[in-house]
Amino acid sequence: MCYLREFRTFVAVYEERSFTGAALRMNATQSGISQQIKKIEQVVGIRLFDRGTRAVKPTVQGEQYYMHCLRFLREYDETVSDLQGQPGMASASSISIGVVPWLSRCILPPILARFAAYPDITLNIEEAGAEVLETRLREGHLSLIVTENDVYSSDTISEGEVSQCVLVTGRHERSTSRDILPAELTTRNLILPPKGNPLRAVADRMFAEYGVSPAKSIEINSISAAVNLAAQSSWSAFVPVVALVAETATIDCVVDRIIGGPSVGVVVRTRRISLTPTEQIVREHLMAELTRFALNTHLISQSHSCASDAGAVTRRQPQGRSRAGDAMIERYLELP
């Protein structure tokens, strides 16, 4: 018979798709996690995971077992809450949320407006880069985070949306967007996120896969700053296309799609497997906004891809704008 911790271990492996990731989450060793999964499979008499070289994937039976584990753990946590005299909303009236800056300006305003109807819930919001938020979540300082996520190395995309990665360039360079081959990246000057950012991991893997590298590159941590700088210069920013939903009202750009190019996840991650009622409410609102946000992406992408379209952004900037943007780039490169 499996113990409570073994159920939580199974869920951790399922959600992380990795024994290493599950070990970090459960504060255990990788070998210990592996042994616990083997024990569960021996008890139920069914193989629950396919173990590959890059990821651990659940079998069909593993998917079903996961749903039963979630239901059991949720019922257990609710029972403990009731016994402690903390039913319902009183069990978690203060929630700490971490959001990457470029997403916070899009999804938080409508959520904060809705939470005016929940006077007993206090939202504590922290803005930081993805790597910082991941650490804060793992250490227990945050209950939920909304961040970019490398879909290649994690399955948490099941809790969010996928966004194609594109190149954003100022419309003064040319009037329409194009589909480009990866080989063309060798002729482009790219604005990239710094090392450690999930989006940078996606870009670096693309460069390695196609054996290419940009003509020049600089690193900027802020997607908003990267997009706006690209719109004023001859450089191109490598960003998730959903980032343009936040910037569409303030930039004048074209969006180039990379043929066979990568995607990045935009996800909600949680600290615990079984959430309190309050955390469930917050998570549902975050997920609803991410979904609405992602649905708008296609329209935004279309509006930038065809200058002759009636709905496209057709504002033309002065010729000096490119030179001013390039001067900004040069000053950035000269910084120590």
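Residues numbered from 1 in each chain as written. Predicted model: local features only at pLDDT ≥ 70, side-chain atom pairs only at ≥ 80, totals over all residues. Heavy atoms only, no water.

Observations regarding the overall build of the chain
On a plain count of helices and strands, the chain comes out with 11 helices and 12 strands. Burial statistics for the chain: of 336 residues in total, 49% are counted as buried. Here the analysis covers contacts within the chain between residues at least 6 apart in sequence; of these, 77% occur between residues at least 24 apart. (Helix = DSSP H or I, 4+ residues; strand = E, 2+ residues; numbered from the N terminus. Buried < 20%, exposed > 50% of the residue type's maximum accessible area, 1.4 Å probe, protein only. Contact = heavy atoms within 4.5 Å.)

Here's the deal with the side chain of Ser 143
Among the structural elements, Ser 143 can be located in the loop between helix H6 (130-138) and strand S5 (144-149). Polar contacts involving the side chain of Ser 143 include one to the side chain of Glu 279, which spans 3.4 Å. (Polar contact = N/O pair within 3.5 Å; in protein donor to acceptor, adjacent residues only side chain to side chain.)

A short note on helix H1 (residues 4-16)
A rise of 1.5 Å per residue sets the reference length of H1, with its 13 residues, at 18 Å; its end C-alpha atoms lie 18 Å apart and thus fit the reference within 8%. Within H1, 10 of the 13 residues are buried, leaving the element largely enclosed by the surrounding structure. By the burial criterion, the buried members of H1 are Glu 6, Phe 7, Thr 9, Phe 10, Val 11, Ala 12, Val 13, Tyr 14, Glu 15 and Glu 16. Positive backbone phi, at 55°, marks Arg 17, one or two positions downstream of H1. (Expected span 1.5 Å × (residues − 1).)

Comments concerning the pattern of salt bridges
Per the counting criterion, the structure on display carries 12 salt bridges. Ionic pairing is found between Glu 184 and Arg 178, a salt bridge with its closest N-O pair at 2.6 Å. Taking the relative accessible area as the measure of exposure, Glu 184 reaches 22% and is therefore partly exposed. (Salt bridge = Lys/Arg side-chain N within 4 Å of Asp/Glu carboxyl O.)

A word on the packing of H1 against helix H3 (residues 30-44)
Angle between the axes and distance between the axes are the two parameters that describe a pair of packed helices. Two elements in contact, H1 and H3, have axes separated by 10 Å at closest approach and are oriented at 110°. Considering the angle they form, H1 stands roughly perpendicular to H3. Between H1, through Arg 5, Glu 6, Thr 9, Phe 10 and Val 13, and H3, the contact on the second element is made entirely by Ile 33, Gln 36, Ile 37, Lys 39 and Ile 40. Taken together, the residues that form the contact of H1 with H3 break down as 5 nonpolar, 2 polar and 3 charged. (Axes fitted to C-alpha atoms, helices over the stretch in contact; angles between N-to-C directions. Parallel < 35°, antiparallel > 145°, perpendicular 65-115°, else oblique. Nonpolar A, V, L, I, M, F, W, Y, C, P; charged D, E, K, R; others polar.)

A few points about empty space enclosed by the protein
Applying the stated criterion across every chain, the model contains 3 cavities of 30 Å³ or more. One number sums up the size of the largest cavity: a volume of about 70 Å³. Looking at the largest cavity, it is lined by 13 residues, and the ones nearest its centre are Pro 193, Ile 220, Ile 223, Ala 226 and Phe 238. Broken down by secondary-structure element, the contributors of at least two residues to the lining of the largest cavity are strand S8 (189-192), helix H8 (223-231) and strand S10 (236-240). Broken down by element, the lining of the largest cavity gets its largest block of residues, 3 residues, from S10. (1 Å grid on protein atoms, 1.4 Å probe; cavity = no way out; pocket = protein on both sides within 12 Å on 5 of 7 lines; lining within 4 Å. Points joined across faces, edges and corners; volume = space filled by probe spheres on them.)

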